[in-house]
Amino acid sequence: LGLRVIVANPRRLQLISKSDSKNDRADAELLARLAAADPKLLAPVHHRSDQAQADLAILKTRDSLVKSRTLMVNQVRGLAKSFGVRLKKCSPVSFPNHVRGDIPGPLVPAVSPLLQAIQIQTRQIKTFDRTVAKICEERYPETVNLLQIRGVGPITALAFVLVLEDPSRFKKSRAVGAFLGLRPRQDDSGTIQKQLRITKAGDPFLRRLLVQCAQYILGPFGEDCDLRRWGLALANRGGKNAKRRAVVAVARKLATVLHRLWVTQNEYQPLRAAACNHAAA
């Protein structure tokens, strides 16, 4: 009908949901007043295309398989431990072959179906990995630029592109971290500045992937880069939960860098800030 449709974010409409005089007429009037004053007050929800939604479903199905496989691996380890056997450390991919000979005899009938299921799910996960790589190559070539960062794989790159879908939605790259719920809550009053947890708004799947990437960047196999140096400096400040805060901070900064690479299509320079500081000195 030529009218603009705004889908309001319910998280931002507590003025209505927590009202002590709530009815349909009052709710509609308040929504109309908010939209007339400033539509941004409604925090409009952006709907993904059908294709993006279908591709994102592939990632989330793969994630469900990984979670299910992890639960079964832990179940096998727990059963063996109850018989006094501690199974050796290994990857989930090689787990069935490595531990099959260490399973106590009485447990074999119970554990064998689990080991078979783990092998089946591993093959399914590998199939999904090939599908994701093909989707990135054929439908989302912009993911190539995001893969320049060591620690960011096809799963994270594709999820980032699908969840955001349109990079122009964000005027500043720094807004992406807040959009994904990686910004700390604020409850400041006067001179009181509380240290609160992150908001956890936005897509939890992508937020978890970014945190995993941040853990790799700060881990023993992460390459020397500005993100790693900055995160380690935060972790070394000490204090309660310093390492955990550093991981979240690196994940938030990583989201900013990924968005910037997507928008500019520039080549990623791991030590760009360090080189600039050295030149200035």
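Please read these numbers as outputs of a predicted model, since none were measured by experiment. (Residues numbered from 1 in each chain as written. Predicted model: local features only at pLDDT ≥ 70, side-chain atom pairs only at ≥ 80, totals over all residues. Heavy atoms only, no water.)

Peer 1: Help me understand the pattern of salt bridges, please; the structure alone is not making it clear to me.
Peer 2: A side chain of one charge can pair with a side chain of the opposite charge if their charged atoms are brought near each other. In total, this model carries 11 salt bridges according to the counting rule given. Across the pair R62 and D129 runs a salt bridge whose closest N-O atoms are separated by 2.6 Å. One end of the pair, R62, is in helix α3 (residues 50–82); the other, D129, is in helix α5 (residues 108–138), and 67 residues separate them in sequence. For D129, a relative accessible area of 30% corresponds to the partly exposed category. The closest approach of N and O atoms between K194 and D187, which form a salt bridge, is 3.2 Å. Given a relative accessible area of 40%, D187 falls into the partly exposed group. Here the residues in one salt-bridge network are R48, K60 and D203, joined through shared partners. (Salt bridge = Lys/Arg side-chain N within 4 Å of Asp/Glu carboxyl O. Helix = DSSP H or I, 4+ residues; strand = E, 2+ residues; numbered from the N terminus. Buried < 20%, exposed > 50% of the residue type's maximum accessible area, 1.4 Å probe, protein only.)

Peer 1: Got a minute to help me understand the packing of helix α10 (residues 226–235) against helix α11 (residues 242–264) in this structure?
Peer 2: The geometry of a pair of packed helices is captured by two quantities: the angle between their axes and the separation between those axes. Contact geometry for α10 and α11: axes closest at 8 Å, N-to-C directions at 150 degrees. Overall, the two elements α10 and α11 adopt an arrangement that is roughly antiparallel. Handedness of the crossing formed by α10 with α11: right-handed. For the pair α10 and α11, the contacting residues are L227, W230, G231, L234 and A235 in the first and A242, K243, A246, A249, V250, K253 and L254 in the second. Across the contact of α10 with α11, the residue classes break down as 9 nonpolar, 1 polar and 2 charged. (Axes fitted to C-alpha atoms, helices over the stretch in contact; angles between N-to-C directions. Parallel < 35°, antiparallel > 145°, perpendicular 65-115°, else oblique. Left-handed = near helix turned anticlockwise from the far one by under 90°. Contact = heavy atoms within 4.5 Å. Nonpolar A, V, L, I, M, F, W, Y, C, P; charged D, E, K, R; others polar.)

Peer 1: Mind showing me how you'd approach a positive patch on the surface here?
Peer 2: The grouping of R11, R183, R185, R197, K200, K240, R244 and R245 at the surface amounts to a positive patch. Mapped onto the elements, R11 comes out in the segment before α1 (14–17). (Patch = residues over 30% accessible without salt bridge, like charges linked within 9 Å, V, L, I, M, F, W, Y side chains within 5 Å. Areas by Shrake-Rupley, 256 points an atom, 1.4 Å probe, with all protein chains shown as cover. Lys, Arg positive; Asp, Glu negative; His and termini not counted. Charge placed at Lys NZ, Arg CZ, Asp CG, Glu CD.)

Everything listed here is a matter of geometry and, on its own, says nothing about what the molecule does.
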